[in-house]
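# Close look at the chain arrangement
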Amino acid sequence: VRRIAAALPDVRVRALEDVPAVLVPDVVLLVFGDDAHVASVFPAGEGMGDAVTRKGTVRTTPSPLPAEAPFARITFTLPTLAHAASVLIAGRGEHKAQVLRDALAEHPPSSPLARVVALRGAAAPPILIAES
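In this report, the structure presented in the accompanying data block is examined.

Each value, and the rule that gives it
Residues numbered from 1 in each chain as written. Predicted model: local features only at pLDDT ≥ 70, side-chain atom pairs only at ≥ 80, totals over all residues. Heavy atoms only, no water. Helix = DSSP H or I, 4+ residues; strand = E, 2+ residues; numbered from the N terminus. Buried < 20%, exposed > 50% of the residue type's maximum accessible area, 1.4 Å probe, protein only. Contact = heavy atoms within 4.5 Å. Areas by Shrake-Rupley, 256 points an atom, 1.4 Å probe, with all protein chains shown as cover. Polar contact = N/O pair within 3.5 Å; in protein donor to acceptor, adjacent residues only side chain to side chain. Salt bridge = Lys/Arg side-chain N within 4 Å of Asp/Glu carboxyl O.

This next bit is on the overall build of the protein. For the protein, the count of helices and strands is five helices and five strands. Starting at the N terminus and walking to the C terminus, you meet the elements of the protein as α-β-α-β-β-α-β-α-α-β. When each of the 132 residues of the protein is scored for burial, the buried share is 39%. When contacts within the protein are restricted to residue pairs at least 6 apart in sequence, those whose partners lie at least 24 apart make up 63%. Carbon and sulfur atoms make up 58% of the accessible area of the protein, which totals about 7900 Å².

Written as structure tokens, this is what we have:
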């Protein structure tokens, strides 16, 4: 956090653990995984129940732990992310486009990506960013 704050002197940076539970971000940029996870909220991970149902932040643990990042995380919950003023969803390539299409077709929504989109509702759809 200190390195980020030093690089951005005009921006207020806080550790996620220190963010008040009532804070809702203005803008969220979501990049999603092959399993449609977002913001370290994984479909089979520990903490998924709290991450789906309450606002604020939550501790999550991917299951299984990825070899490249084998640790628990702290993240915003899906309702908190979904209620940001703007939500941008970014993916690259045909494979990610298919993951996104599959998530958008989920009825009822079950993956973290689909849940964020559903929580926003039709009145406030996310902005999709794709690069081929």
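Now that the structure is up, let's keep going.
If you trace the backbone, Thr57 turns up in strand β2 (residues 57–60). Taking the C-alpha atoms as reference, Thr57 lies 9.8 Å from Leu81; in sequence the two are 24 residues apart.

With that settled, the discussion passes to the side chain of Thr75. Tracing the chain through its elements places Thr75 in strand β3 (residues 73–76). Thr75 gets classed as buried once you look at its relative accessible area, which sits at 7%. Within polar-contact distance, the side chain of Thr75 engages the backbone oxygen of Ala39 at 2.6 Å.

Between His107 and Pro108 the backbone carries a cis peptide bond, its omega angle lying at 0°. Counting through the fold element by element, Pro108 comes out in the loop between α4 (93–104) and α5 (112–120). The phi torsion at Ala36 lies on the positive side, around 65°, for a residue other than glycine. Considering the arrangement of structural elements, one finds Ala36 in the loop between β1 (27–31) and α2 (48–53).

This part is about α5. Looking at α5, one finds that the buried residues are Pro112, Leu113, Ala114, Val116, Val117 and Arg120. Among the structural elements, β1, α2, α3 (78–82), β4 (86–92) and α4 are those in contact with the buried residues of α5. Phi turns positive one or two residues past the end of α5, at Gly121, with a value near 80°.

Once that is clear, we can look at the pattern of salt bridges. In the structure shown here, the tally under the stated rule is two salt bridges. The closest approach of N and O atoms between Lys96 and Asp34, which form a salt bridge, is 3.8 Å. With Lys96 in helix α4 and Asp34 in the loop between β1 and α2, the pair connects residues that are 62 residues apart, well separated along the chain. The exposure class assigned to Asp34 is exposed, which follows from its relative accessible area of 54%. The closest approach of N and O atoms between Arg101 and Glu94, which form a salt bridge, is 2.4 Å.

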